[in-house]
Structure formats: structure tokens, C-alpha cells
Amino acid sequence: MQKRMAQRSLLDDFVILVVNTNNNPCQQDESSPCQVISISASEIATWDLSGILCYGRVKVGAHRTRLIQESSYFHGLLGGSFNESGLDHISIEWNLETFLNLLICIYGGSIDITSSSFLPLFDAALYFGVERLISRCKSWLSVLASPQLELSDLIQIWRYGVDRAVDFVQDLCAAYLAKNFMLVQSDKYFGNVPYELLICGIKHPHLTVHSEMHLADALLVWIDADKRMFNLSESSKDNIINLMEQVHFSLLPLWFIAGRSKSHNFSKFADQSIELVIKLRKMSSKCLVDSLRDGPPADLRVRLTEYSERMDLSGCPQLNEAILLLSLLPRTYFTNSLWRKSLKSFLTNPEDETLPLLAFETVKEVDISKCQRLDYKVAVKCFSKSFPSLRKLRAAYLLNIKVSTIIQLLQNFLQLTDVDLTVDIVPIIPGQASVFYSSPGLAQTPPIIFLTAGSNFFDSGQSHCSLSNITRLTLKGRTDVCDTDLRSISRLCDSLCYLNIKGCALLSDACIAYVIQRSKKLHSLIVCYTSFSESSISALCASTSMTNEHVDSNSLASNLQMLHMSKCEGISEASLLNLITRTHKMKSLCLRDTHVSDNVLRGFSGSSLEALDISNTKISNMALARVISENPNLKSLKARGCKNLLQLQIEGRSESFSQLVSSQEVYECLSKGSGLEELEIGWGFCYFSLESLRPAVSFLRAISVGLGASLGEDALKLLSSACPLLESIVLYFQEISDSALTSIVTSLKHLQELALSYCFGDISLQSFKLSMPSLRKLRLERVTRWMTNDDLFVLTQSCPHLTELSLLGCLHLNSDSQPIISAGWPGLISLHLEECGRITENGVASLYGCIAIEDLLLRHNGSGIQKSFLLDAALKQFPMLRLVSLDMCDAKEGNFDVPEEKEDGRFLSIVKISRCKSQRCALGRELGPVHRETLVMFWNGQNFTKTLLKQRL
């Protein structure tokens, strides 16, 4: 009797839920054509959802008690005094898949919440009052990491939260937007983000951006989207102002401010921002601390959150150690009345351990390039405490980083794997320059020190210290690094895989060889413009190290993937051939400006080459064709200046090269590869060459065509259709017409660089009237002699976003061109003007509007430049100026005052001043100037050098 009562009670506890999908509802009568399946919640763990969803109607036997306990909807329906409370069958009109997942959740099962399923599940959870599912949805949204949620879905979820007045949904959507802002800002739907969601995300404490520049750019994109600026109401204008005011304008890069100053939505903030930057740049860290009364304003704090992975402060000359510290200290620190005193004490003595610096565990990359006012003793101390997981540090173009700082970096950041300390390369190559005289400090040709196996020349005085995990080290251009310095650095870097010492003129071949032997994991080596020679090649090819340590018998050369050795001289053909034959894994090989021969190149037996540079060498088409045919994955080929590509045969060829090979075969071999992305070519290149290359250039990004090539109008028009993705076009000595240039400009929407040098043909203003909004670099040399000030103004309208401009031979320009340039391109970083009429006959004051200029060349434009120009430009007008080239004939008073070594705040590293004299023909008519010499002044952070060269630089 009890058993039958128990069975009866169990049956009474079940209710049948008849679920009809609301997409295609079925009638409940048995005559319905819908297929029906009956399942039980008792067997929920074994449900086959994909099979169940094939049915039009599902009958689910569910526990009445469980439904009442877990769902407020069923609690009201089944647990009250309504007539429905006793029903055995209940009809549910809902999306079948969503409702079944709801039941699985009610029974404690696992469900998969995704970007597309969140809203249906959350809507069902709210309707049926299932707190368990609401909690799971809330948890999923709160811990959601990008890129699990599409921006379009985020917008939809946020709007749902607004419509249903679910505050936590709105808050979590704003938090997600804030945490993932760097990814979201590039989404095609970013312009669709509602203002309320955007402003909440920006104000959220978890807002994570790499820099203020990225935030400002994203807001400008949002404002420009969907034509928001048309027919704006007053409230909309207020909204836009409110958005832009969230940017920390005092922490924007100077070049960015100048470049965006023409933007309608940013122009009103640009002057204020530049004023702030200049003011901060002139203020010392201690003065800045003294100027603060109630703690640091938000505008002076770099955005760092627990989700930050990268901090990009590059291009901010206003950044000093005080601003850095203000960003790394907790807000509670500033409630102590003695905070100024302790902060200034730390600035004086960075070894002071009392400051409670915050730790940001997720920061892996920091970029402080061009932040020349930052004290790196303080910076290194701060980074070591606040960024314990730091992996990559880029500090390029900073002359105040000494070798001791580099070593300190390596010792303090044992997790650091990538360091980039690039500076500008000295234009003087020791041993290759014709020098009249030089002051002490010039990087002379390094002493030759021959090392043999077992030599301990560099090992004397070795100190035992912790090894770093550096795998990539870039010291490009650092002439302050000598042999002993690199030796000390290499001792700390046993894991070194990539080394870039391009332009490190003080390093000897013997030292480079020593470092190679120590770096047993080395696979990438960039040694252009150094003394890399016989000893270094021997080190690469050796099977045992100079310290008698055993190395892989296959030698280091067998593991090389990258070798760039432009302008490295004094290497015998036998040594180079010995090296090349061992580099089976090579992916990128640069032999530019070397004496490499066919015999060497044909010794290359690798098949993984992706980039090859043989520019200005004697390589012929036969050797090149062989390498190309055996390396089908070649993406970049640079062979400009190779005259032998025209030859049909080479004397003394081996039997394997007995067959005549034309230059056309080179292009046919290229067309059989996987496709080029970069091409630099000259001698022998013509329309038929390009036609042969059509299968290989559909993904070409950059092309440079030089002397010896003859493209013609047809080839240039073919170029724009055959290579639709081109971003860079550089043409030397080519015939070009308006129609060809128009074809290029109108067809190539991604074009960012256009250079026409010494080209001839019928070019007029018409082809430059077309809009080129993507163009960033423009070089017109000896091709627009007709250009006037009016033409220059038209150019500013056609190419409004230029950052680099070079004009040569525009004879009709005058001093009124300067304000056109300053107003049209305030964000210029590089400006070269040579033989451009009388641009500088009244001085250069009107160019000071281009405040972010880093590279300035003014030659033969009128003798009106003030004597004090260099000092004013470097210390007052152009705070980012690093490179200057002038000519004495443009000096108003016959010469220029030059910066001295003792001056503070130096960012200017290379100054070139040429001297010339006028040349007259037999009839007494004045011809072009004859250049006599060039004075090169160079500051590397340690030495100030003056060198007079016989040639013009």
C-alpha cells in the first residue's frame, strides 16, 4: 500500500510542459502535422539537443516542485490557488532551444552562453524568473574577455538593459567596453555605439587604452561616423564636447596634436593642448610637484588599470619623471600632507624605497621613445617596481640613455625579452668618408683585434651577475657603444636571438665576432654600416667557440634566419661564400652595397627565403633567377641599381650556368612564386616585365622603380590595375604623364607614399587636384618646376594628412609658401625644401607652425635664415627636432651659431651644414652651385663631434 502511495505521489509531482517554438507555433490537438517528441527532465543529462530541436513540438516531463522552487513564473502558476495550479499539462510558447537550456540550468546542468545566445537566455531568465540563470548570465558578462563578444552584440545587450531598466547589464556593458576599448575602437560598428554607452565606458575606472592618442583618435572616428556633425542639436553639440573633454590633453604626443589640429572637432582643443605640452616641457619635475596643491589632476595621470597590457608614451616631450610617478602612486598617497616632500626626495634619490608604487601585473610592453626629458634612473626604478611582467621596452631616439643605463635595465628586468634603443645613424661611415678634419670624439675606424680560439681578451674582469632573458636587442645607430660595452651586455644576454647593431661604428670586427660566439641561440643579425668582416664570418662558420665551449657542429650560420650586412666591406669572396653556403634556414638576406658576386649568390642553397636585397651589387640575372626559382615564398625583392641584370651572359660562368638567361626570366620565375609584397627594381625593368609579373603582384604593397627601368605610361596604368593594394610608389628617372598619375591616384585608395624623383614627362597641376586623403609621404624632386604658391595651396587641400614632404626644384615658390605649408600640414614630421625659389629669403619664422618637425632640410632657398636659427629651432621652436641640414649660402649673416655640448635639453643629434660656390660658364653666365664640403656635427649623448667632409651629405 505504501509503495503504491509513493508511486502516486511521484506521478503527482510531475507536470508536462508542452513547448511550441514561438517561431512556428503548432496547435496542441493530435491532428497537428507537427512532429512531437516526449522527453523527461529526469534524464536531462542524456538529452541530445540537436536531435530534439528537429521536432516541432516537445513534451517535457518536469518536476513540479523543482519548477516552483527555481522559477518565480512557475511558482506563481503552480504553487498558488489559481485553477492552473492543478494542471498536468502546461503550454509554453517560447524559442525551443532557449527554453530547453533554461530547463537544463534549472536542473543544475551546464549550458554554453555565447555572444549570440546571451540575450535569448537572459530574456528567458527574466521572464520565467530563474535567478540561477540570471546569475550565470551576469557572471558570464562580468568576466567576459575580448574577443568573445562582438561589438554589435554588445550594443544590442546594452540597449536591452536600458529598455528593461536592468542596471547591472548597462554597467557590465560599459565595463566591457572600457576594458576592451583598444580592440573595440577599430571595429566597423564602433560608430554605432550609443553616446550613453560610450561616455559610460570612457568614464569607467577600467578604461584601458595604450595612450591618450588612441582614445582621442577613437572619439574623432566616432564623431565623424554616420554624419553626426550635420544638423546637430545643442544637446548633441554638448555631448560631443563632453566626450572630447574626457581626453587627457596634456599627455598627447606633440605630433598627434599638430596633425589633428585641422580636424573640426579637435581644432578647438589643439591650441590648448599644445600650450599645455609646451608649458610642461619647460617645467622641471620638482617645479611640477610644487605647483600641485590638492594632488595630481586626472589630466596628468597616465591611464593604467589592472587590464593594461601596453603603455605607449612615445612622442611626448613633456613627459618627465614626476608625471610618471604621479601615475604610479595610489590616490591615497596624496592625502598625506607630506607627500610633496617624500616625492621630491625620491626624485633626488631614486634608491629611496619608501614610495608605495602600485604594481600593474599585466603590463608587458612600454614605449617611451622620444621622451627625452625623462630621467632614466628614476624611470628604471619605477618600471622595475610597477611593471614586474614587463617583456618589451622601446626607448628609441633618446640620447640620454647611457650604456650604464642599458646594463641596469638588463639587471633590473630579468623578465625583459625585447629592448629597442634605436637612435639616428651617423651619416659618416668610418674608413669610407673623405675627411678634411674632425674634432675629438669622431667614431674612428675601430682597432683590429684578432682573436683565436681560447682568447680571453674580452673575458678579463668579468663579473658574475644574473643573466637576463633578452632575446631581441636593438642598438641601431648607437655610436656610444664600444667593444667593452657590447662585451658587458653580451655577458648578460645568453638567450640572445636577434641583434641589431646597424650603424654602431665604434664596434670592431673582433668584438662582433666575440658576441656571435657567445650567443649560441642567435638567428637574426643586422650589422649594416659596421666593421663586420672576416672575424665575424669566421665566428658564424666556426663549430667551436673562442672560449673553447662546444657549439653545435653545424655552426651558428646554419641557424641564421636573418642577415643584413649593407655596406660591410673588406670581406673576401671566399669567406662570404663559406658563410652563404651554410645558411640553409635564411629567411631575410641583405647584401646591399657590397662587392658580392654571382659566385657567392649561387652558393646559397636555402629554400625558405622571404626577403632578398641585392641593390647596388654586381649580381646578374642568372644568379638571381636561380635563387628565386628555388625560393617560391619570396615576398620582398630589392634589386635596384643592379646593372648586370641587363647582361645576357657572364664571363667565367660555371657549367650549371652555361645557358643564357635574360632578365625576363627573372620575372617569369617570380611569377611562379607565392606572390610579392615589396619590389625594388631598376635596370631592365619595362612594361613586358610588369606584364610577366602580373600573377605575382596582385598583393604588392610597395614598389620602387629606379634608373635603368623604362616603365612608360602603359606600364604605370597597368600598375594601378594589377596592384590594387599598393601603399607606396617610388619612381626615379621614369617618364610619367598626367593621365598615368591620375590613374594611380584614382585607383589606389590605400596609397600612403608617392615619390617622383627626376622623372620627366607632361605633369601638371591637374593630376594633383585629385583627393588623396590616405597619402602620408610625398616627394616631388625635379618634377614640378612650375609649382607656384597657389599650386602648393591646392596640394594642401588634396593631401591634407601629410607627415613627410620633400620638394626639390620648385623654382617659383617664395616666402609666402611658408604659411601655406604651416597651415596646410601642421603635423609634418619631415620637411625637405631645396632649390625652391625664395622660400627662406625672409627667414623661416612662418614655418614654426609645424611644431612637431623632427627632420628639417632647407638648402638653396634664399639667404634669409637668421644666424641664431639652429639654437632657436632646437631649444625653442621645434622641441622634437633631431636632424637638420642647411647650406651656408642661405645664411643671412654668412654663418650659423651652432649648439654646444654643454647645453641642456638637447634632442638635436645631427646637424649638416654644406658649403658651395657658384660656377660660371665661359660666357660668364651663372650655373648651378658646386658643393665644396659638408660640416657634420653629431651629438651621441656622450661626445660632441665636428667633422668636415669633402663630399656633400
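Residues numbered from 1 in each chain as written. Predicted model: local features only at pLDDT ≥ 70, side-chain atom pairs only at ≥ 80, totals over all residues. Heavy atoms only, no water.

Considerations on the overall build of the protein
Reasoning step 1: Within the protein one finds 33 helices and 28 strands.
Reasoning step 2: Across the 953 residues that make up the protein, the buried fraction comes to 54%.
Reasoning step 3: The contacts in the protein between residues at least 6 apart in sequence include a share of 74% that link residues at least 24 apart.
Reasoning step 4: When the accessible surface of the protein is summed, it comes to about 40900 Å², and 49% of that surface belongs to carbon and sulfur atoms. (Helix = DSSP H or I, 4+ residues; strand = E, 2+ residues; numbered from the N terminus. Buried < 20%, exposed > 50% of the residue type's maximum accessible area, 1.4 Å probe, protein only. Contact = heavy atoms within 4.5 Å. Areas by Shrake-Rupley, 256 points an atom, 1.4 Å probe, with all protein chains shown as cover.)

Thoughts on empty space enclosed by the protein
Reasoning step 1: A full pass over the atoms with the stated rule returns 7 cavities of 30 Å³ or more.
Reasoning step 2: Quantified by volume, the largest cavity comes out at close to 80 Å³.
Reasoning step 3: Taken together, Val209, His210, Ser211, Glu212, Leu251, Val302, Arg303, Arg310, Met311, Asp312 and Leu313 form the lining of the largest cavity.
Reasoning step 4: Among the elements that make up the lining of the largest cavity, the one with the highest residue count is strand S5 (residues 310–312) (3 residues). (1 Å grid on protein atoms, 1.4 Å probe; cavity = no way out; pocket = protein on both sides within 12 Å on 5 of 7 lines; lining within 4 Å. Points joined across faces, edges and corners; volume = space filled by probe spheres on them.)

Structural notes on unusual backbone geometry
Reasoning step 1: Positive phi is not limited to glycine here, since aspartate 593 has a value of about 60°.
Reasoning step 2: Assignment of secondary structure puts aspartate 593 in the loop between strand S14 (588–590) and helix H25 (598–601).
Reasoning step 3: The exposure class of aspartate 593 is partly exposed, given its relative accessible area of 22%.
Reasoning step 4: If you check the backbone angles, glutamate 835 has positive phi at about 50° while not being a glycine.
Reasoning step 5: Note that glutamate 835 resides in the loop between strand S23 (830–834) and strand S24 (855–859).

Topic: helix H15 (residues 267–281)
Reasoning step 1: For H15, which comprises 15 residues, the first-to-last C-alpha distance of 21 Å matches the rise-based estimate of 21 Å (1.5 Å per residue) to within 8%.
Reasoning step 2: Here H15 has its buried residues at Phe269, Ala270, Ser273, Ile274, Val277, Leu280 and Arg281. The buried residues of H15 occupy an angular sector of 135° when the element is viewed end-on, so they sit on one face. Residues of H15 that are exposed and point more than 90 degrees away from the buried face comprise Lys268, Asp271, Glu275 and Lys279.
Reasoning step 3: Where H15 is buried, its residues meet helix H13 (234–244), helix H14 (254–260), helix H16 (285–291), helix H17 (321–328) and helix H33 (869–877). (Expected span 1.5 Å × (residues − 1). Arc of directions from axis to C-beta.)

Regarding helix H6 (residues 118–128)
Reasoning step 1: Here H6 has its buried residues at Phe118, Leu119, Leu121, Phe122, Ala124, Ala125 and Phe128.
Reasoning step 2: Where the residues of H6 are buried, they touch helix H4 (72–78), strand S4 (89–93), helix H5 (96–106), helix H7 (131–142), helix H8 (151–163) and helix H9 (167–179).
Reasoning step 3: Remark: glycine 129 follows H6 within two positions and exhibits a positive phi of approximately 65°.

Some thoughts on the nonpolar core
Reasoning step 1: Grouped together as the largest cluster of nonpolar side chains are 203 residues, with contacts concentrated most on Phe383, Phe387, Phe532, Phe685, Ile729 and Leu807.
Reasoning step 2: Once residues within four sequence positions are removed from consideration, leucine 807 is found in contact with Leu780, Met787, Leu792, Leu813, His832, Leu833, Glu834 and Cys836.
Reasoning step 3: If you look at the next biggest cluster of nonpolar residues, it comprises 98 residues, including Phe118, Phe128, Phe190 and Ala216. (Core = buried A, V, L, I, M, F, W, Y, C linked by side-chain atoms within 4.5 Å.)

Description of the sheet that holds strand S3 (residues 57–63)
Reasoning step 1: Taken together, 4 strands build an open sheet; the order of strands is S2-S3-S1-S4 and the sheet is mixed. On the outer flanks of this sheet lie strand S2 (36–40) and S4, each paired with one strand and no other. Going from strand to strand, the sheet's axes swing by 25° on average, the running direction of each strand aside.
Reasoning step 2: Where strand S1 (residues 14–20) and S4 come together, 5 bridges link them in parallel fashion. Opposite valine 19, over in S4, you have isoleucine 92 as the bridge partner. (Pairing = 2+ DSSP bridges. Axes fitted to C-alpha atoms, helices over the stretch in contact; angles between N-to-C directions.)

Observations concerning the packing of aromatic side chains
Reasoning step 1: For the coordinates displayed, the defined rule picks out 26 aromatic pairs.
Reasoning step 2: Relative to tyrosine 127, the ring of tryptophan 94 lies with its centre 4.9 Å away and its plane at 35°, an arrangement referred to as tilted. Here tryptophan 94 is found in the loop between S4 and H5, whereas its partner tyrosine 127 is found in helix H6, with 33 residues between them in sequence.
Reasoning step 3: Looking at tryptophan 94, the relative accessible area reads 14%, which means it is buried.
Reasoning step 4: Relative to phenylalanine 688, the ring of tyrosine 687 lies with its centre 5.6 Å away and its plane at 80°, an arrangement referred to as edge-to-face.
Reasoning step 5: Residue tyrosine 687 is classed as partly exposed on the basis of its relative accessible area of 29%.
Reasoning step 6: Owing to a relative accessible area of 57%, phenylalanine 688 belongs among the exposed residues under this scheme. (Phe/Tyr/Trp six-rings, centres within 6.5 Å; stacked < 30°, edge-to-face > 60°.)

Topic: the confidence of the model for the protein
Reasoning step 1: Of all residues in the protein, 87% have pLDDT values of 70 or greater, and the mean over the chain is 85.
Reasoning step 2: Note that pLDDT drops below 50 for residues 441–464; the model gives that stretch 50 contacts with residues more than four away or on any other chain.
Reasoning step 3: Low pLDDT, under 50, characterises residues 544–552; the predicted model gives this stretch 26 contacts beyond four residues in sequence or across chains. (pLDDT = per-residue confidence, 0-100.)

Points about the side chain of glutamate 834
Reasoning step 1: Looking at where glutamate 834 falls in the secondary structure, it is placed in strand S23.
Reasoning step 2: Of the residues examined, glutamate 834 reaches a relative accessible area of 13% and is grouped as buried.

Examining the environment of asparagine 242
Reasoning step 1: With respect to the helices and strands, the residue asparagine 242 is situated in helix H13.
Reasoning step 2: Judged by relative accessible area, which is 23%, asparagine 242 ranks as partly exposed.
Reasoning step 3: Sequence-distant contacts of asparagine 242, that is, excluding residues within four places in its chain, are made with Tyr195, Ile199 and Lys203.

Describing the packing of helix H22 (residues 509–518) against helix H23 (residues 534–541)
Reasoning step 1: Orientation of H22 relative to H23, taken along the N-to-C sense of each, is 15°, at an axis distance of 7 Å. Taken together, H22 and H23 sit at an angle that is classed as roughly parallel. Our pair here, H22 against H23, has a crossing hand that is right-handed. The residues of H23 that touch H22, namely those facing Asp509, Ala510, Ile512, Ala513, Ile516 and Gln517, are Glu534, Ser535, Ser536, Ala539 and Leu540. (Parallel < 35°, antiparallel > 145°, perpendicular 65-115°, else oblique. Left-handed = near helix turned anticlockwise from the far one by under 90°.)

Details of the environment of asparagine 95
Reasoning step 1: Looking at where asparagine 95 falls in the secondary structure, it is placed in the loop between S4 and H5.
Reasoning step 2: A distance of 3.2 Å separates a polar atom in the side chain of asparagine 95 from the backbone nitrogen of glutamate 97. (Polar contact = N/O pair within 3.5 Å; in protein donor to acceptor, adjacent residues only side chain to side chain.)

Details of a nonpolar patch on the surface
Reasoning step 1: A grouping of Leu707, Phe733 and Tyr758 is seen on the molecular surface, where their side chains present a nonpolar patch of about 280 Å² in accessible area.
Reasoning step 2: Here leucine 707 is to be found in the loop between strand S18 (702–705) and helix H29 (712–722).
Reasoning step 3: For leucine 707, a relative accessible area of 44% puts it in the partly exposed group. (Patch = residues over 30% accessible without salt bridge, like charges linked within 9 Å, V, L, I, M, F, W, Y side chains within 5 Å. Salt bridge = Lys/Arg side-chain N within 4 Å of Asp/Glu carboxyl O.)

Remarks on the state of the cysteines
Reasoning step 1: Summed over all chains, the structure comprises 0 disulfides.
Reasoning step 2: Between cysteine 568, a free cysteine, and cysteine 528, which holds the nearest cysteine sulfur, the sulfur-to-sulfur gap is 6.3 Å.
Reasoning step 3: Residue class for cysteine 568 comes out buried when judged on its relative accessible area of 4%. (Disulfide = S-S within 2.5 Å.)

A few points about the pairing of S23
Reasoning step 1: Counting buried residues in S23 gives 4 out of 5 residues, a clear majority hidden from the surface.
Reasoning step 2: Two elements, strand S22 (residues 804–808) and S23, share 5 bridges in a ladder whose sense is parallel. Considered in S23, the bridge of glutamate 804 is made with serine 830.
Reasoning step 3: Bridge count for S23 against S24 is 5 bridges, and the pairing is parallel. In the strand pairing of S24, glutamate 834 is matched with arginine 859.

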